[in-house]
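# Summary of structural features
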Amino acid sequence: MSSRRPDPLAQVSDFDIRLLRIFRSVVECGGFSAAETVLGIGRSAISQQMSDLEQRLGLRLCQRGRAGFSLTEEGREVYQSALQLLSALESFRTEVNGLHQHLRGELIIGLTDNLV
């Protein structure tokens, strides 16, 4: 009988999305130090949140240390998937907000002639 490991990420929560946004910023900035300014949080907080994301996903996303920052193969794949997810969320937000800009429903105008 083979035992299959449960999927580490059964659901995607708001917290996961927040961590993925931080991950995207770190990747796009090229490391933790450069991402500090963009994210407005300290390097230790970024490091902790990246560790949280790695733990939640059950994957090592990047190599970090004196040699610099680099993505692992899994990190590159998660980054691409995160870009797709975050883009889909932005499209959803834009579409829903657009619904508020279109008038809907029926407009009934009644006129009476009171002139006798």
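Notes on the structure in this doc start here. (Residues numbered from 1 in each chain as written. Predicted model: local features only at pLDDT ≥ 70, side-chain atom pairs only at ≥ 80, totals over all residues. Heavy atoms only, no water.)

Of regular secondary structure, the protein chain possesses four helices and two strands. Helices and strands appear in the protein chain in the N-to-C order α-α-α-β-β-α. With 116 residues in all, the protein chain has 23% of them scored as buried. Restricting to contacts in the protein chain with at least 6 residues of sequence separation, those with at least 24 account for 50%. For the protein chain, the computed accessible surface area is about 9000 Å², with 52% contributed by carbon and sulfur atoms. (Helix = DSSP H or I, 4+ residues; strand = E, 2+ residues; numbered from the N terminus. Buried < 20%, exposed > 50% of the residue type's maximum accessible area, 1.4 Å probe, protein only. Contact = heavy atoms within 4.5 Å. Areas by Shrake-Rupley, 256 points an atom, 1.4 Å probe, with all protein chains shown as cover.)

Right, let's get into the environment of L20. Note that L20 resides in helix α1 (residues 14-29). Judged by relative accessible area, which is 10%, L20 ranks as buried. Sequence separation of L20 and L53 is 33 residues, and the distance between their C-alpha atoms is 7.5 Å. Those residues in contact with L20, other than ones at most four positions away along the chain, are L53, V78, A82, L85 and L86.

Another point: the packing of aromatic side chains. In the structure shown here, the tally under the stated rule is two aromatic pairs. Here the aromatic rings of F23 and Y79 are separated by 6.3 Å at their centres, their planes lie at 80°, and the arrangement is edge-to-face. Taken together, the residues F23 in helix α1 and Y79 in helix α4 (residues 73-99) connect sequence positions 56 residues apart. Seen from their ring centres, F32 and F69 are 6.0 Å apart, and the 50° between their planes marks the pair as tilted. Placement of the pair is F32 in helix α2 (residues 32-39) and F69 in the loop between β1 (62-63) and β2 (70-71), with a sequence separation of 37 residues. A residue is classified by how much of its surface remains accessible, and F32, at 9% relative accessible area, is buried. (Phe/Tyr/Trp six-rings, centres within 6.5 Å; stacked < 30°, edge-to-face > 60°.)

This next bit is on the side chain of Q49. Position of Q49 among the secondary structure elements: in helix α3 (residues 43-57). Apart from residues no more than four positions distant in its own chain, Q49 is found in contact with R18, L19, I22 and I41.

If the charged atoms of two oppositely charged side chains come close together, the side chains can form a pair. What the rule picks out here adds up to six salt bridges. For D16, the salt bridge goes to R56, with nearest N and O atoms at 2.3 Å. With D16 in helix α1 and R56 in helix α3, this residue pair connects regions lying 40 residues apart in the sequence. Using a relative accessible area of 2% as the deciding quantity, one classes D16 as buried. Given the relative accessible area of 32%, R56 is considered partly exposed. A salt bridge links R60 to E54, with the nearest nitrogen and oxygen atoms 3.6 Å apart. (Salt bridge = Lys/Arg side-chain N within 4 Å of Asp/Glu carboxyl O.)

To continue, consider α4. With 27 residues, α4 ought to run about 39 Å at 1.5 Å a step, and its terminal C-alpha atoms sit 40 Å apart, in line with that. For α4, every residue scored as buried is listed here: G75, V78, Y79, A82 and L86. (Expected span 1.5 Å × (residues − 1).)

What follows concerns the side chain of E54. As for its position among the elements, E54 is in helix α3. By relative accessible area, which is 8% here, E54 ends up buried. If sequence neighbours within four positions are ignored, E54 has contacts with L59, R60, L61, C62 and R64.

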